[in-house]
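Letter by letter, the chains look like this.
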Amino acid sequence: MERCHARTDGGGRRLQASTADLIEGGTGGQIDLRTKMPFDFNGKFHIAGTGELALGDMANKADPSGSVLITDSFDTPIGRIGLLGDVAFSQFSSLSQFIRVSPYFKTKLSDGNERYVPSGFAYGDEAFQYKRYGIYGAAQWQPAESLTFTGSFFQSRYKSQSSDYGTQLDSQTLAVDPASSSFDSNGLLTKTSALFNRDTATFAPTGGAVNSSGNKGFVESNTRTRDYSLSFVWAPTDSHVSLKGSLQRVDSRQVYDRLDIFRDVGFGQSFGMDLTGDLPQITVSPATQASFADPANYFWTASMPHNERNKGRLDSGQLDAEYTFDNSFFRSVKVGGRYAKRTERDLSNGYNWTALGRGWNGDPQLTYANAASGDVASHAFKDFFRGNTTLPGNLMFASEDLASRFNENRTGLVTAPPAGFCGPATVDDDNNPATPNVASPLYSNCSSKGQLPVTGYGGQFNPDGTLAIRPVGFVLPGDQVNNRTENIAGYALLRFGPEEGARGISGNVGVRVVHIENEGSGFIQQNGGTVFIRDGAQVTLANTFLARGGKADFTRVLPSINLEYSPTDRIKVRGGYNITMDLPSFNALRASGSIGVATTPSQTPGGIGTFNNFTADTGNPLLKPTLSNNVDLSLEYYGRAGTSFHLAPFYKRLTNLPIYALTSRQVTIQFTDGTTENVAASATDYVNSTKAATVKGVEAGGRFFLDMLPGALAGIGFEGNYTFIKSSNPGDVYRDITGAARNDAPLVGLSKHNLNATLLYERNPISLRVAYSWRSRYLLSTNSNGTNGTYTYYSAPGVVTNRDGGQDASTQIALPIYGGNYGSVDAGVRFKVNDQFSFGVQGTNLTAATQRTLMGGYPGGKLVGRSWFQADRRISTGINLAF
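Here the structure is a predicted model, which means the values were calculated and not measured.

**Concerning the overall build of the protein chain**
- Of regular secondary structure, the protein chain possesses four helices and 50 strands.
- Taking 883 residues into account, the globule formula puts the C-alpha radius of gyration at 29 Å, and the protein chain, at 31 Å, falls close to it.
- Its C-alpha atoms give the protein chain principal-axis dimensions of about 110 × 60 × 55 Å.
- Residue burial in the protein chain is summarised as follows: out of 883 residues, 47% are buried.
- Considering only contacts within the protein chain whose residues lie at least 6 apart along the sequence, 73% involve residues at least 24 apart.
- Taken as a whole, the protein chain presents about 39,500 Å² of accessible surface, with 55% of it coming from carbon and sulfur.
- Here the protein chain holds 79 positive side-chain charges and 78 negative ones, and the gap between their average locations is 5 Å.

**Regarding the pattern of salt bridges**
- A complete count under the given rule lists 34 salt bridges for this structure.
- Between Lys-572 and Glu-564 there is a salt bridge whose closest N-O contact spans 3.2 Å.
- The exposure class of Lys-572 is partly exposed, given its relative accessible area of 24%.
- In this structure, the salt-bridge partner of Asp-835 is Lys-832, at a minimum N-O distance of 3.4 Å.
- Each member of the salt-bridge network shares a partner with another, and the members are Arg-484, Glu-486, Glu-517, Glu-519 and Lys-551.

**Side note on the state of the cysteines**
- Per the stated rule, a full pass over the model turns up one disulfide.
- Between the sulfur atoms of Cys-422 and its disulfide mate Cys-446 the distance is 1.8 Å. For the disulfide bridge between Cys-422 and Cys-446, the dihedral angle about the S-S bond is near -115°, and by the sign convention the bridge is left-handed. Placement of Cys-422 in the loop between helix 3 (411–414) and strand 20 (426–427) and of Cys-446 in the loop between strand 21 (438–439) and strand 22 (480–496) is noted, with a sequence separation of 24 residues between them.
- Residue Cys-422 is classed as buried on the basis of its relative accessible area, which comes to 2%.

**Considering the nonpolar core**
- Residues Tyr-104, Tyr-123, Phe-267, Phe-271, Trp-300, Tyr-457 and Tyr-858 are the most contacted members of the largest nonpolar core, which totals 68 residues.
- In terms of residues, this core owes the most to one element, strand 19 (residues 395–398), which gives four residues.

**Topic: the confidence of the model for the protein chain**
- Here the protein chain shows a mean pLDDT of 91. Residues at 70 or above account for 95%.
- Segment residues 1–15: pLDDT under 50, and 60 contacts once partners within four positions in sequence are set aside and those in other chains are kept.

**Structural notes on the environment of Ala-48**
- Summarising the element assignment, Ala-48 is placed in strand 1 (residues 46–56).
- The spatial distance from the C-alpha of Ala-48 to the C-alpha of Gly-596 is 55 Å, given a sequence separation of 548 residues.
- If we skip the residues at most four places from it in the chain, Ala-48 touches Ser-67, Val-68, Leu-69, Leu-881 and Ala-882.

**A few points about the packing of aromatic side chains**
- The tally for this structure, following the rule as stated, stands at 33 aromatic pairs.
- Ring plane angle 65° and centroid distance 5.4 Å describe the contact between Tyr-130 and Tyr-158, whose orientation is recorded as edge-to-face. Remark: Tyr-158 occurs in strand 7 (residues 147–170) and Tyr-130 occurs in strand 6 (residues 120–144); sequence separation between them is 28 residues.
- The exposure class of Tyr-130 is partly exposed, given its relative accessible area of 23%.
- What makes Tyr-158 partly exposed here is its relative accessible area of 35%.
- An angle of 50° between the planes, with centres 5.3 Å apart, marks the rings of Phe-153 and Tyr-228 as tilted. Within this pair, whereas Phe-153 is found in strand 7, its partner Tyr-228 is found in strand 11 (residues 211–234), the two being separated by 75 residues in sequence.
- For Phe-153, a relative accessible area of 27% corresponds to the partly exposed category.
- Judged by relative accessible area, which is 36%, Tyr-228 ranks as partly exposed.
- One aromatic cluster in this structure is built from Phe-121, Tyr-123, Tyr-165, Phe-267, Phe-271, Phe-292, Phe-381, Phe-384, Phe-385 and Phe-397.
- For Lys-106, the ring lying beneath its charged end belongs to Tyr-793, and the centroid distance is 4.5 Å.
- One Lys or Arg, Arg-115, reaches over the ring of Phe-183 and ends 5.0 Å from the middle of that ring.

**Things to note about the environment of Gln-842**
- Structurally, Gln-842 can be placed in strand 47 (residues 837–844).
- Taking C-alpha positions, Gln-842 is 9.1 Å from Arg-769, a pair spaced 73 residues apart along the chain.
- If sequence neighbours within four positions are ignored, Gln-842 has contacts with Ala-827, Gly-828, Arg-874, Ile-875 and Ser-876.

**Comments concerning the environment of Ala-871**
- Relative to the helices and strands, Ala-871 is located in the loop between strand 49 (864–870) and strand 50 (874–882).
- Here Ala-871 falls in the partly exposed class, since its relative accessible area comes to 34%.
- Linking Ala-871 and Thr-354, residues 517 residues apart in sequence, is a C-alpha distance of 32 Å.

**Concerning a positive patch on the surface**
- Taken together, the side chains of Lys-696, Lys-726, Lys-752 and Arg-777 present a region of like positive charge at the surface.
- On the secondary structure map, Lys-752 appears in the loop between strand 37 (741–742) and strand 38 (753–763).
- Overall, Lys-752 belongs to the partly exposed group, its relative accessible area being 42%.

**Some remarks on a nonpolar patch on the surface**
- Residues Ile-505, Val-509, Ile-561, Leu-563, Tyr-565, Val-573, Tyr-577, Val-631, Leu-635, Leu-647 and Tyr-651 make up a contiguous nonpolar surface patch of roughly 850 Å² in combined accessible area.
- For the nonpolar patch, the element with the most residues is strand 26 (residues 544–568), which contributes three residues.
- Note on placement: Val-573 falls in strand 27 (residues 571–582).

**Some details on the pairing of strand 31 (residues 644–655)**
- In the sheet, strand 30 (residues 626–638) pairs with strand 31 via ten bridges, with the strands oriented antiparallel. Within strand 31, the residue paired with Leu-635 across the bridge is Leu-647.
- Here strand 30 folds back onto strand 31 in antiparallel fashion, the turn holding five residues, of which Gly-642 has a positive phi close to 85°.

**Remarks on unusual backbone geometry**
- Following Leu-476, the chain continues into Pro-477 via a peptide bond in cis, with omega recorded as 5°.
- For Pro-477, the location among the structural elements is in the loop between strand 21 and strand 22.
- Here the bond from Asn-764 into Pro-765 is cis, since omega is 10°, no more than 30 degrees from zero.
- Its place among the elements puts Pro-765 in the loop between strand 38 and strand 39 (766–775).
- Positive phi, close to 55°, is recorded for Asn-42, a residue that is not glycine.
- In this structure, Asn-42 sits in the segment before strand 1.
- At Arg-386, a position not held by glycine, the phi torsion is positive, near 55°.
- Of note, Arg-386 is situated in the loop between strand 18 (376–379) and strand 19.

Calculation notes
Residues numbered from 1 in each chain as written. Predicted model: local features only at pLDDT ≥ 70, side-chain atom pairs only at ≥ 80, totals over all residues. Heavy atoms only, no water. Helix = DSSP H or I, 4+ residues; strand = E, 2+ residues; numbered from the N terminus. Rg over C-alpha atoms; globule rule 2.2 N^0.38 Å. Buried < 20%, exposed > 50% of the residue type's maximum accessible area, 1.4 Å probe, protein only. Contact = heavy atoms within 4.5 Å. Areas by Shrake-Rupley, 256 points an atom, 1.4 Å probe, with all protein chains shown as cover. Lys, Arg positive; Asp, Glu negative; His and termini not counted. Charge placed at Lys NZ, Arg CZ, Asp CG, Glu CD. Salt bridge = Lys/Arg side-chain N within 4 Å of Asp/Glu carboxyl O. Disulfide = S-S within 2.5 Å. Core = buried A, V, L, I, M, F, W, Y, C linked by side-chain atoms within 4.5 Å. pLDDT = per-residue confidence, 0-100. Phe/Tyr/Trp six-rings, centres within 6.5 Å; stacked < 30°, edge-to-face > 60°. Lys NZ or Arg CZ within 6 Å of the ring centre and 35° of its normal. Patch = residues over 30% accessible without salt bridge, like charges linked within 9 Å, V, L, I, M, F, W, Y side chains within 5 Å. Pairing = 2+ DSSP bridges.

Structure follows, in structure tokens:
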């Protein structure tokens with residue numbers, strides 16, 4: 001059977017130490033996961049069932065789950081046979097909410113001082129639900145006492161659906177009046193009554209509306225995984241030799257469809273923002289808030305489908321042989337080998353953002369006042385962050401019915417309105433046939449024409465009649481990505497230790513040799529259909545595909561040694577050194593990628609964004625595996641029953657970590673008019689770090705019960721641990737808000753301080769847990785979408801200055817994003833009525849803790865709020881039956 005591996009968790013707690021017989025694939029610890037088998041029940045008929053009902057306080061939907069297991073074993077003329085079957089169902093519903101603040105750009109204000117001003121905000125919510133259907137079956141045959149064959153089948157299917165609403169406001173020309181705003185000691189904005197768009201040539205307010213975009217997203221996903229496994233164990237009692245072997249096939253597939261429908265609405269000439277509290281407070285004027293109720297103020301702008309049809313397969317085989325010694329310091333020697341081939345074929349058609357009818361692209365600009373019946377709806381952000389923040393108000397979006405109807409095929413969504421619905425595209429403004437006609441005002445705002453008879457908001461065709469949207473489905477082979485990884489591994493492991501009753505050093509020493517071959521093929525796609533203004537002209541990217549592939553192989557030697565010594569019956573000292581290996585993910589190894597463009601959104605509803613820079617994003621099929629040199633020590637004390645304490649320092653040195661790095665690359669851009677251009681693009685690529693990362697720390701923890709207390713109080717206990725981690729990853733480079741490159745970020749995912757504490761109560765018939773987990777901030781990414789673009793700094797009205805003092809250049813940033821300090825409380829109690837029946841209640845996230853992310857790269861090492869997330873408190877009650 002395959003073993004399942006896991007790295008150290010976010011709290012730094014160490015899992016099982018690595019030995020040579022464990023499958024490579026984790027730079028931290030490993031877990032051997034084993035499912036129930038028929039012979040586990042000692043030949044007895046057994047039936048067990050569970051049932052649970054859960055509720056999230058924000059989603060407010062009851063979620064049932066349950067499972068039934070039946071097993072029995074039989075003695076037959078051909079040996080002992082056991083059968084086991086299990087079916088399971090679970091449902092999970094959630095509602096999550098978010099607020100996000102855009103990067104604070106360096107801004108020269110009207111008083112001549114440099115300040116840092118947010119470039120916008122976003123907020124929204126997502127309702128999510130999945131249903132899981134599980135089937136598991138196992139059969140065992142024991143023709144002789146020394147020989148057992150096992151076969152198992154497992155299928156897990158997830159059907160999920162999500163519905164999200166979000167509004168965004170981003171502008172690189174936002175500014176504030178310093179006289180009515182406040183800033184911290186580093187010059188970052190903390191509060192203002194009016195963020196407005198300014199004219200960069202004069203620094204005066206433009207007087208125009210601040211435009212906001214928004215999207216209605218809808219997702220449906222269906223994932224199925226099947227696992228077929230065969231294994232045998234031959235272990236005769238009268239022989240020193242035993243054999244184990246296994247074959248496994250895992251097939252997985254996914255169908256994924258998403259559609260986003262975008263719209264614009266004005267947020268008035270300015271909006272207020274208060275960043276002094278725990279959550280941002282965003283305010284608009286009463287007149288602006290009232291305007292949100294008028295559908296004529298909302299402009300249909302774009303649609304963006306994304307579809308995936310992915311499948312993967314793992315085939316593997318393993319054979320192990322072990323020889324045990326009698327009456328010897330050496331206990332056993334074990335050798336074995338494994339072959340595994342993993343393949344994945346993904347079909348993905350990218351994120352094809354394409355304008356709806358906008359006036360300038362041949363179809364009239366429609367508003368929500370023109371929406372067909374049922375196509376738009378007002379969305380209430382109910383009890384947002386449990387009422388602890390201020391939002392501008394409820395807003396209108398495309399309806400869920402509209403998004404779900406066109407989720408797999410948007411053709412009907414982008415169909416043009418009936419001919420003549422908005423009148424002619426041009427009008428004669430002076431009744432003079434000798435002068436050219438001008439664009440009809442109705443083509444930039446068709447609200448007065450009322451409701452459409454059927455859905456259709458334009459944008460399907462260009463003015464010349466060519467198709468403007470991407471064809472439905474997949475363009476082959478351009479949308480196909482293939483990955484293959486083959487592993488061949490062999491190992492030898494020697495276990496040793498003093499004979500029974502004697503003190504001394506015990507442990508194991510071994511080596512694993514692994515050969516890996518990776519191969520990937522795909523295409524670099526240009527995001528066709530993207531329209532923008534560049535050098536004063538309107539241009540559109542064409543759909544293009546450029547083939548790309550790569551192949552690499554590696555051989556690695558992974559030694560390990562683990563030692564244990566017990567100076568007394570109550571004290572153990574353990575130590576270990578090993579080298580572990582982790583393969584890059586298929587996402588990092590993918591040969592595919594994309595080329596696109598970053599723009600500054602138009603501040604005119606329905607307008608076209610202005611060019612900032614070209615972008616590229618790719619994987620790297622030539623990535624090397626990551627190696628980790630690990631040293632672990634632990635001192636453990638075992639007192640009376642149920643009492644233990646440990647102190648465990650550790651050190652890791654990691655090489656060839658995959659880094660999602662920001663760089664510059666020359667790419668060829670193709671436009672719809674047939675012209676091409678070689679340009680420098682801001683590229684995000686995976687590369688192996690050229691510098692080693694290090695992790696060092698110590699964990700202290702223990703468990704005890706107050707069993708010296710009288711009566712029921714003797715069931716009170718405590719379990720807890722604290723982990724201190726210090727990490728560095730000098731190969732991971734980010735760019736601060738001035739564009740300067742820095743490499744002082746820690747390793748992704750590791751908190752410096754980690755604490756877990758659990759109050760226990762164990763006294764029949766009650767088992768109770770109250771658990772608190774807390775971790776300090778940790779790095780999420782040095783190259784995160786939304787904080788890795790460019791912006792333009794004006795050192796004076798009309799004067800652009802970059803970091804080096806040069807002019808006419810944008811400042812490239814890639815700010816580090818951290819997860820903020822976070823703690824949560826979970827609790828559960830279970831009552832055991834008898835050996836056959838128990839029931840319980842469990843709660844998670846009982847304190848409704850808010851998760852935060854923070855942006856770095858600002859003066860003085862200042863971290864400022866990036867995102868805030870709120871999720872359900874959840875309570876469940878369930879029963880367990882066993883016979």
